[in-house]
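For reference, the chains in residue letters:
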Amino acid sequence: MTDFTIVLRSLRVRLFSTIVTALLVATSAGLLLTILSLRSAGKAAFERGSGNAHLLVSADQSPLVAVLNGLFYANPPRAPLSQAKVSEIRRLFPWDFMVETQLGDSYRGFPVLATTPEFFTKFEPVVGEPWAPASGKFFDGNMQVVLGAACARETGLRMGAKLVLTHGSGASREGGEGEEHGHVHREYEFEVVGILKPTGSPHDRALFVSLESSWILHAHDRREREGLEGKVTAADLLEDDRKVTGMLLRLPTRSGSNVSSALQQVFDTLRRDTSITVAQPADQIDKLFNIVANVDGIFIALAIVTLFSSAVAILLSMVNSMAQRRRQIAVLRVLGASQSRVFGIVLTEAAVIGLLGSVAGILVSVIALTIATAWLRESLGLIIAPDFDPRASVIVAAGAVALSALAGLVPAVMAYRTSVSTQLRPLG
Amino acid sequence: MAPAASAQSALSIRDLAFAYPSDGREVPFQLTIKHFELARASECLLVGRSGGGKSTFLQLVAGLLEPQQGTVKLDDIDLFARSTNRDLLRGAKLGFVFQTFNLLQGFSALENLMVALMFSTLPKSEWHARGISLLAALGIDKPNTRVEELSVGQQQRVAIARALVCKPALVLADEPTASLDPENAKIAMELLREHCRVEGAALLVVSHDPSLVPLFARVEKLQSLATAGGAR
């Protein structure tokens, strides 16, 4: 038998109150830990999309918009880059790779990225994790389409399936039910030749076709406007049809490194050209997270306030229970416990509630994050790896215990001042 | 002149005076004990009218109230000396039996004894065996049962065992039979007296139950202690 055994027995006697107050602490500690875990994990999830490209060039109005459009498929870029500009940039440096992209079409709301085969062989959606087909292959000709993992899952498209693309991002359905929005390129049917493995990046929600295929679709539209009929081939393409909306660029690096010493110099050189927008994707993601950091701070502040309110709940619960407990405290005093010892026992009780709550909070946080990340992966294809920082868990747990002990001060003082004579028998 | 305290004295009181602080409206309650002595393994029934100060007397003996003057010695240790830790002395030298038992709810019979042993001077290695054997001697064969699940009679036995478990010099019993019917009261009183004798503890029972008077060879009236002392 120790003082701690007395603490545990007292908590057991008031089991309902103990559980409720511990759950309050668990909820607030769990919420705080979840927010802290997701904060860095969310950023990491965004960083997955930028891949191994050092620079992104487009004609968007700002570098952040360029990244959001070009890598996160937020919107189709506002304007294309001319082929002359593409050639100029190509000649500017000995790039490790330069992948041209074009956005603007969609399939059932999923963005279609027209690009070159180097997109699959050179560009890595996540650094160190190259593209890999789950089935089929990457496209090697026109009118072939490769599906991102989430797109394949949500559309139900299989290998060999045929589909047509929509101009714009409207949620049209080829040959299906429902209203169609935007122009459908019905004349050219694409065949699914590959389905990609999940990458945990926004690319999982996209469809990929060759640049030339996309140019042919849009050349057909031009020719229709000009009154020309018949299928278009690569030979019919004009210089103006070969539109590109973005370029993913990578500079040569040392083996095993993702950093180029020439990056800043190249970046500054390209920025002098006011007809293009140049972005360093990693920097833009940092800026984006700095913008949302304030919102993040509000959530954390709310969670801390909740933690304080749970400490108040402990205080109220223990003060309410003191009416029943004074007799027990008086008995302990009669048996030989000093005032400071009963003070310590009551204070420890409050701290133990805090400890139980924070341990439960850590478990709640781990379980909630596991479920949430599994759901995000399944439903959105977004891979979020929560950052379970043991140090943060220890700090939150220690904070919860300290706050609970602080809340226990009032009942502990009440216990300290309990009159033995009044509690055990009225004065004779 | 007061007689000298016996070497085996469990309780020795000299020239004790206590008064509750006055609130200015009425005359405060006062208690004076000229001299009271209780030897080890002896017993005494202290009687007095209701409101006469019996409980105040017990709290003074337990060191829970501090007198304005006089000395109280437990096992020849001055309870109110500056060098005395009253909490430790109470845990080591005194056992209590209350009218309503005051057992710790949510604790088993054995745990109630173990809590008392926490404040004793007995070696920790002896606690468990001491608790089990004392409970068995008092007829409690399920020591791990929670006290609220025991009958009233069993709870009384656990209370007696808890009072004796630390091998006290003195057991103070405050109206120990007031919650019991006459038959159980008699059994409880016999158990308490018998085990105090076995353990060598002095027994001081405070009660206004007249049925207890024939059981005790020494019966003192609280009022009479104010002027004439008693020592045996």
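What comes next concerns the included structure. In this numbering scheme, every chain counts its residues from 1 along its sequence in written order. Ligands are numbered from 1 and chains lettered from A, in the order in which they are written. Whole-chain, interface and lining totals are the exception, using all residues; otherwise, since this is a predicted model, local features are given only for residues with pLDDT of at least 70 and side-chain atom pairs are given and counted only at 80 or more. Excluding hydrogens and water, the side-chain values take into account all heavy atoms of the structure.

### Thoughts on the overall build of chain B
Then step 1. For chain B, the helix and strand inventory stands at 7 helices and 10 strands.
Then step 2. Burial status across chain B gives 56% buried among its 232 residues.
Then step 3. In this description, contact between two residues means that some pair of their heavy atoms is separated by no more than 4.5 Å. The long-range share in chain B, meaning contacts at least 24 apart out of those at least 6 apart in sequence, stands at 71%. Each helix is a run of DSSP H or I of at least 4 residues and each strand a run of E of at least 2, with the numbering of both proceeding from the N terminus. Here's how the labels work: a residue is buried when its accessible area is under 20% of the maximum for its type, exposed when over 50%, partly exposed in between, all with a 1.4 Å probe on protein chains only.

### Some details on the side chain of Thr84 of chain B
Residues and elements named next belong to chain B.
Then step 1. Checked against the element boundaries, Thr84 lands in the loop between strand 5 (77–78) and helix 2 (86–93).
Then step 2. Polar contact criterion, stated in full: a pair of N or O atoms within 3.5 Å, where within protein one must be able to donate a hydrogen and the other to accept it, and residues adjacent in sequence count only if both atoms are side-chain atoms. There is a polar contact of 2.6 Å between the side chain of Thr84 and the backbone oxygen of Asp78.
Then step 3. Ignoring any residue separated from it by four or fewer positions in sequence, one finds Thr84 in contact with Ile77, Asp78, Leu79 and Leu89.

### Looking at the pairing of strand 2 (residues 30–39) of chain B
Residues and elements named next belong to chain B.
Then step 1. Among the 10 residues that make up strand 2, 7 are buried, leaving the element largely enclosed by the rest of the structure.
Then step 2. Any two strands are treated as partners once DSSP identifies two or more bridges connecting them. Pairing of strand 1 (residues 9–19) with strand 2, which is carried by 9 bridges, proceeds in the antiparallel orientation. Bridge pairing in strand 2 links Leu11 to Leu38.

### A short note on the pairing of strand 10 (residues 246–250) of chain A
All names here are of chain A.
Then step 1. Of all 5 residues making up strand 10, 5 are buried, and the element is well covered by its neighbours.
Then step 2. Where burial is concerned, the two faces of strand 10 agree: the one with Gly246, Leu248 and Arg250 and the one with Met247 and Leu249 are both buried.
Then step 3. Sheet topology places strand 1 (residues 55–58) next to strand 10; 4 bridges connect them, and they run antiparallel. Bridge pairing links Val57 to Met247 in strand 10.
Then step 4. Note: strand 2 (residues 97–107) against strand 10, 5 bridges, orientation antiparallel.

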